[in-house]
Amino acid sequence: MIRISVDLMGGDHGPEVVVPGVAKALERHPEIRFLLFGLEETCKPVLAKYPALREASTFVACEVAVRMDDKPSQALRQGRYKSSMWRAIDAVKTGDADVCVSAGNTGALMAMSKFCLRTMANIERPAIAAIWPTLRGESIVLDVGATVGADAQLLIDFTMMGAAMARALFEVEKPTVGLLNIGVEEIKGQEEVKEAGRLIREAAMPSLEYYGFVEGDDLGKGTVDVVVTEGFVGNVALKTAEGTARQIAQYLRAAMSRTLMARIGYLFAKGAFDRLREKMDPGKVNGGVFLGLNGIVIKSHGGADIEGFAAAVDVGYDMARNGLKAKIEHDLNLYHKRRSAIALASDDVSSN
């Protein structure tokens, strides 16, 4: 049984989308038990429409809902200990839930998660990992917005966490990992990226296969299972990809309705276009994972529809079921042991 806590008040639409999204996820995973947090007068009427969800969940009334435009500091001051977001996160800390899911304000969710759960040992700063649709299926990209700027050690931390997530989500034994760079040649790029690549290669981790540097077009190709970068570049890449998908969809709609023959052709090719639209919809691949915390928190798109929020719950289910936190801790500990051994061997050679 997987226990998932949900902030019902998060997102652009609140309980009207979140509750049916949770109900849809329950249909796919009937063994889940939910802890639902929200304002009673807003949530109870919506919950009444889903008797199966009511049976599989416990509703906890809260005093405060964090607004989508609240600053992180404001959300912490006004919502600590009593908001639906805080209490959903705190359920993970107390062990009442295995994972928390929220579509709320990203900055507030990260601030509350860090304050409540704290970062893991050996982790300086957490990352947000996104699931990225590719020509080969899906890959993981991190960081997509939690940390702006990163030194070599932080990129290495992201590498270990991203590989652990790939093993939990894709259930692959040894995921391939690449560092996003301006070229694939070892001499190109910032010193921090080149240093991180060298140290990852030296560590020869058995839990991942280091591919080397990858470029921007490799994101869509699915060249590797995990793409590692710092938060500024990752967030720009994410927003660019989402905007491009919407742009192409708009072009297709305009082209298909321009003439009578185009509309007739669309009728014959409707199935193919529907599959294309499904692939290009950013909401269908939903659920950013906060990595590096002492607990699992999933961030859904604020504008996600019912299916999109259900997809975020699915991600949380997979992360909890496949032991994401334990995998990250194992890989980080192993990496630091290997780095210590390499440093010790290097000192011995120098002294001789």
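This is a predicted model, so every value here is computed, not measured. (Residues numbered from 1 in each chain as written. Predicted model: local features only at pLDDT ≥ 70, side-chain atom pairs only at ≥ 80, totals over all residues. Heavy atoms only, no water.)

Novice: Is there a simple way to explain the nonpolar core in this structure?
Specialist: A general feature of soluble globular proteins is that nonpolar side chains tend to end up buried together. Counting 74 residues, the largest nonpolar core has Ile4, Phe34, Met165 and Met319 as its most contacted members. Residue contributions to this core peak at 13 residues, all from helix 7 (residues 152-169). Residues contacting methionine 319, with those up to four places away along its chain left out, are Met165, Ala168, Leu169, Val289, Ile296, Ile298 and Leu324. In terms of nonpolar packing, the next biggest core, distinct from the first, is built from 37 residues, Val66, Leu76, Val214 and Leu219 among them. (Core = buried A, V, L, I, M, F, W, Y, C linked by side-chain atoms within 4.5 Å. Buried < 20%, exposed > 50% of the residue type's maximum accessible area, 1.4 Å probe, protein only. Helix = DSSP H or I, 4+ residues; strand = E, 2+ residues; numbered from the N terminus. Contact = heavy atoms within 4.5 Å.)

Novice: For this particular structure, what's the right way to read the sheet that holds strand 6 (residues 137-142)?
Specialist: The strands that make up a sheet pair up through hydrogen bonds in the backbone, lying either parallel or antiparallel. Judged by pairing direction, the sheet is mixed, and its eleven strands sit side by side in the order 3-2-1-4-11-10-5-6-9-7-8 without closing on themselves. Every other strand in the sheet has two partners, leaving strand 3 (57-61) and strand 8 (209-214) as the edge strands with one partner each. Taking the axes of each pair of neighbouring strands and ignoring which way they run, one obtains an average angle of 25° across the sheet. Across three bridges, the pairing between strand 6 and strand 9 (residues 226-228) is parallel. Bridge pairing links isoleucine 140 to valine 226 in strand 9. Those strands touched by helix 8 (residues 191-203) are strand 7 (176-180) and strand 8, and its axis lies near 160° from that of strand 8. (Pairing = 2+ DSSP bridges. Axes fitted to C-alpha atoms, helices over the stretch in contact; angles between N-to-C directions.)

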